[in-house]
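Close look at the chain arrangement
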Amino acid sequence: MKKALMIFMGILLMGTSMSAQEYKKPMKNAKKALAKYVKDTKKNAAEITNAMNFLDEAMAIDGNAAALYNLKGEIQGTVADMEIRKTLLDPTYSLQNPDAAIASFEAYSKALELAVDDKKAKKAAIAGLESVQRHLDNIAITHYNLKDYASSFNNFSSVIKAHELLSANGGKSVLADEAAINEKTFSTAVTGYYGEKLTEATPYFESLYTAGSDEPLVYEALFKIKADPKY
């Protein structure tokens with residue numbers, strides 16, 4: 001009886017292992033499609049969609065693989081990079097994938113969370129966050145210039161979150177010093193204020209208040225939000 005149970009458990013574990021490995025084929029196909037797209041973005045424009053479809057197929061098999069979230073971050077980051085390039089070449093260009101950088105950031109964040117003892121996946125997630133942090137900042141500025149303050153806030157706040165993750169995991173953030181952090185915190189707070197995201201913007205205003213900011217808007221906003229005379 002004991003031997004039979006051991007055999008059954010062995011078969012069960014083998015089946016689980018094989019199932020977990022099945023995602024690698026569509027993941028490989030997704031990487032190939034992405035490589036084709038990067039090689040010639042105009043000629044192979046459809047390949048970015050193929051890459052996403054293959055990734056969805058892989059994630060349907062295993063939705064907890066850090067490698068897949070890293071790949072999702074890479075795909076979405078590539079889309080964000082192309083969007084930024086187009087806005088630089090044509091200031092009148094309207095973003096077709098405005099949430100790509102945020103999707104990339106969220107994917108790399110999830111990969112970092114899932115990596116645990118997987119050093120390779122963790123290293124890739126940190127490198128991805130370093131890369132996408134710049135995309136988030138650039139897209140936030142693009143939204144700001146278009147007066148889409150709510151979208152600008154979403155991206156600026158993700159720049160701050162990326163900074164916090166990178167700082168906690170030995171990565172290199174674009175916010176190199178306290179002055180840069182305060183400046184980006186203010187940009188985040190301002191866009192949240194004008195984007196009517198007062199609740200979400202409050203922690204950023206409070207951080208600036210604690211730091212002794214001399215920006216009048218900090219006190220004006222906090223008084224409006226909290227109706228507290230001390231502001």
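Preceding this section is the structure that the text describes.
The following refers to the structure shown. (Residues numbered from 1 in each chain as written. Predicted model: local features only at pLDDT ≥ 70, side-chain atom pairs only at ≥ 80, totals over all residues. Heavy atoms only, no water.)

**Structural notes on the side chain of Ser 109**
Among the secondary structure elements, Ser 109 is positioned in helix H5 (residues 100–115). Classification of Ser 109 as buried rests on a relative accessible area of 18%. Within polar-contact distance, the side chain of Ser 109 engages the backbone oxygen of Phe 105 at 2.8 Å. Beyond its immediate sequence surroundings of up to four residues, Ser 109 is in contact with Leu 129 and Leu 165. (Helix = DSSP H or I, 4+ residues; strand = E, 2+ residues; numbered from the N terminus. Buried < 20%, exposed > 50% of the residue type's maximum accessible area, 1.4 Å probe, protein only. Polar contact = N/O pair within 3.5 Å; in protein donor to acceptor, adjacent residues only side chain to side chain. Contact = heavy atoms within 4.5 Å.)

**Notes on unusual backbone geometry**
Even without glycine at this site, Lys 147 takes up a positive phi of about 65°. Here Lys 147 shows up in the loop between helix H6 (119–145) and helix H7 (149–168). Judged by its relative accessible area of 60%, Lys 147 falls in the exposed class.

**Description of helix H3 (residues 47–61)**
With 15 residues, H3 should reach 21 Å at 1.5 Å per residue; the first-to-last C-alpha distance of 21 Å fits that figure. Residues of H3 that are buried include every one of Glu 47, Ile 48, Ala 51, Leu 55, Ala 58 and Met 59, and no others. Down the axis of H3, the buried set is contained in an arc of 115°. They therefore lie on one face. (Expected span 1.5 Å × (residues − 1). Arc of directions from axis to C-beta.)

**Describing the packing of helix H2 (residues 24–39) against H3**
Where H2 meets H3, the axes come as close as 8 Å, and the angle between the chain directions of the two elements is 165°. Of the possible angle classes, the one that applies to H2 and H3 is roughly antiparallel. In this structure, the crossing between H2 and H3 has a hand that is left-handed. Between H2 and H3, the contacting residues are Pro 26, Met 27, Asn 29, Ala 30, Ala 33, Leu 34, Lys 36 and Tyr 37 on the first element and Glu 47, Ile 48, Asn 50, Ala 51, Phe 54, Leu 55, Glu 57, Ala 58 and Ile 61 on the second. Each residue belonging to the contact of H2 with H3 can be placed in one class, and the counts come to 12 nonpolar, two polar and three charged. (Axes fitted to C-alpha atoms, helices over the stretch in contact; angles between N-to-C directions. Parallel < 35°, antiparallel > 145°, perpendicular 65-115°, else oblique. Left-handed = near helix turned anticlockwise from the far one by under 90°. Nonpolar A, V, L, I, M, F, W, Y, C, P; charged D, E, K, R; others polar.)

**Looking at the side chain of Thr 185**
Counting through the fold element by element, Thr 185 comes out in helix H8 (residues 178–194). At 2.7 Å, the side chain of Thr 185 and the backbone oxygen of Ile 181 are in polar contact. In this structure, Thr 185 is in contact with Ile 160, Tyr 204, Ser 207 and Leu 208, ignoring residues within four places of it in sequence.

**A word on the packing of aromatic side chains**
In this structure the tally under the stated criterion is seven aromatic pairs. Summarising the aromatic geometry, the rings of Tyr 149 and Tyr 194 are spaced 5.9 Å apart at their centres and angled 50° between planes, so their arrangement reads as tilted. Here the residue Tyr 149 occupies a position in helix H7, and Tyr 194 occupies one in helix H8, the gap between them amounting to 45 residues. When its relative accessible area of 21% is taken as the criterion, Tyr 149 is described as partly exposed. On the numbers, 5.8 Å between centres and 70° between planes, the contact of Tyr 209 with Tyr 219 is edge-to-face. One end of the pair, Tyr 209, is in helix H9 (residues 198–210); the other, Tyr 219, is in helix H10 (residues 216–226), and 10 residues separate them in sequence. Exposure remark for Tyr 209: the relative accessible area of 29% places this residue in the partly exposed category. Using a relative accessible area of 23% as the deciding quantity, one classes Tyr 219 as partly exposed. Ring pairs connect the aromatic residues Tyr 144, Tyr 149, Tyr 193, Tyr 194 and Phe 205, which therefore count as one cluster. (Phe/Tyr/Trp six-rings, centres within 6.5 Å; stacked < 30°, edge-to-face > 60°.)

**Quick look at the environment of Thr 210**
Mapped onto the secondary structure, Thr 210 falls in helix H9. Between the alpha carbons of Thr 210 and Asn 182 there is a distance of 11 Å; along the sequence they are 28 residues apart.

**Quick notes on the packing of H9 against H10**
Where H9 meets H10, the axes come as close as 10 Å, and the angle between the chain directions of the two elements is 135°. In terms of axis orientation, H9 runs oblique to H10. Seen along the crossing, H9 lies across H10 with a hand that is left-handed. The residues of H10 that touch H9, namely those facing Leu 198, Thr 202, Phe 205, Glu 206, Leu 208 and Tyr 209, are Leu 217, Val 218, Tyr 219, Ala 221, Leu 222, Lys 224, Ile 225 and Lys 226. Of the residues that constitute the contact of H9 with H10, the class distribution is 10 nonpolar, one polar and three charged.

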